[in-house]
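Descriptive structure summary
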Amino acid sequence: MSDGKGDVWVEAGFTELARSGVEGVRVEVLAKNLGVTKGGFYRRFADRAALLGVMLERWREGRSTAIAQQTSLGGQEPRERLKAVIQLYSERLNPDGMAIELAIRQWARSDEGAAAAVASVDAARLKHVAELYRATGLEAEAAEAQAFLFYCFIFGQSLLFVERGPRKRSQLVAKSAEKLLD
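Now for a description of the structure that goes with this document. (Residues numbered from 1 in each chain as written. Predicted model: local features only at pLDDT ≥ 70, side-chain atom pairs only at ≥ 80, totals over all residues. Heavy atoms only, no water.)

It is worth spelling out the overall build of the protein at this point. Summing up its helical and strand segments, the protein has 9 helices and 0 strands in all. The principal-axis extent of the C-alpha atoms belonging to the protein is close to 55 × 35 × 30 Å. Here the protein holds 182 residues, and 38% of them are scored as buried. Sequence-distant contacts in the protein: of pairs separated by 6 or more residues, those separated by 24 or more amount to 62%. When the accessible surface of the protein is split by element, carbon and sulfur atoms take 54% of a total near 10700 Å². (Helix = DSSP H or I, 4+ residues; strand = E, 2+ residues; numbered from the N terminus. Buried < 20%, exposed > 50% of the residue type's maximum accessible area, 1.4 Å probe, protein only. Contact = heavy atoms within 4.5 Å. Areas by Shrake-Rupley, 256 points an atom, 1.4 Å probe, with all protein chains shown as cover.)

Right, dumping it as structure tokens:
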């Protein structure tokens, strides 16, 4: 779906989505932020809904591809791969990525297209992580439950403010992560 045209508009859309939610993703706002006229937008997209559709598809494809790559064993043991994924999501906080994730999830509460994109990404994430847990020897149902807990932890820990400082936070995250690997 990425033909190169309109990428600057899509990126500007994601920046605004992270800043002010889907309501803020308006052609006038994006044009102003980019320092261009609205004409360029309409040469690429029929309307705002078309841009939002491309944004959802780009996000869905990107997140689904990312989890497939992040959970690929590549010669590693399943537990080591799980540990690496936990570290990726808990130690290297990505405020922009999380802001986009949260904005899309908020958008999904009132839009069927956004809800379908989120459901697709969640299904891919749970499937790939459950496959890693299966590779550790867990039965399918237990692996699915562990994958669910894994994602509750990954997203939950990123939303919690821990008053004890970054070092204490990383220790708490590491100890909690060990429970997911038992």
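Structure shown, so let's carry the discussion forward.
Let us now look at the layout of surface pockets. A probe matching the size of a water molecule, rolled over the atoms, marks out where space remains unfilled. Each pocket or cavity is described by its volume, and for the largest pocket that value is around 700 Å³. Around the largest pocket sit 25 residues that line it, and R63, N94, D96, G97 and M98 are the ones nearest its centre. Of all the secondary-structure elements, those providing two or more residues to the lining of the largest pocket are α1 (7-20), α4 (48-70), α5 (78-91), α6 (95-108) and α8 (140-159). The element contributing the most residues to the lining of the largest pocket is α6, with 7 residues. The residue inventory of the lining of the largest pocket, partitioned by class, reads 13 nonpolar, 5 polar and 7 charged. The volume enclosed by the second largest pocket comes to roughly 250 Å³. Around the second largest pocket sit 14 residues that line it, and S90, E91, S170, V173 and A174 are the ones nearest its centre. Of all the secondary structure elements, the ones that give two or more residues to the lining of the second largest pocket are α5 and α9 (165-181). For the lining of the second largest pocket, the element with the most residues is α9, which contributes 8 residues. Residues belonging to the lining of the second largest pocket are distributed by class as follows: 7 nonpolar, 3 polar and 4 charged. (1 Å grid on protein atoms, 1.4 Å probe; cavity = no way out; pocket = protein on both sides within 12 Å on 5 of 7 lines; lining within 4 Å. Points joined across faces, edges and corners; volume = space filled by probe spheres on them. Nonpolar A, V, L, I, M, F, W, Y, C, P; charged D, E, K, R; others polar.)

Below, the discussion takes up α4. At 3.6 residues per turn, the α-helix brings residues three or four places apart onto the same side. Between its terminal C-alpha atoms α4 stretches 32 Å, which fits the 33 Å expected from 23 residues at 1.5 Å a residue. L51, L52, V54, M55, L56, R58, W59, S64, A66, I67 and Q70 are the residues of α4 that are buried. Its side-chain oxygen placed 3.3 Å from the backbone nitrogen of A49, D47 serves as the N-cap of α4. (Expected span 1.5 Å × (residues − 1). Polar contact = N/O pair within 3.5 Å; in protein donor to acceptor, adjacent residues only side chain to side chain.)

As a further point, take the environment of V54. For V54, the location among the structural elements is in helix α4. Considering only alpha carbons, one finds V54 and A103, 49 residues apart in sequence, at a separation of 16 Å. If we ignore the near neighbours within four places in the chain, the residues touching V54 are V10 and F45.

A few words now on the nonpolar core. Counting 27 residues, the largest nonpolar core has F14, L17, L51, M55, W59, I104 and W107 as its most contacted members. Mapped by element, the contributors of at least two residues to this core are α1, α2 (27-34), α4, α6 and α7 (112-135). No other element matches the 6 residues that α4 contributes to this core. Residues in contact with F14, not counting those within four places in the same chain, are M55, R58, W59, I100 and I104. Core analysis: the next-biggest nonpolar cluster, separate from the first, contains 22 residues, V85, V129, A143 and Y151 among them. (Core = buried A, V, L, I, M, F, W, Y, C linked by side-chain atoms within 4.5 Å.)

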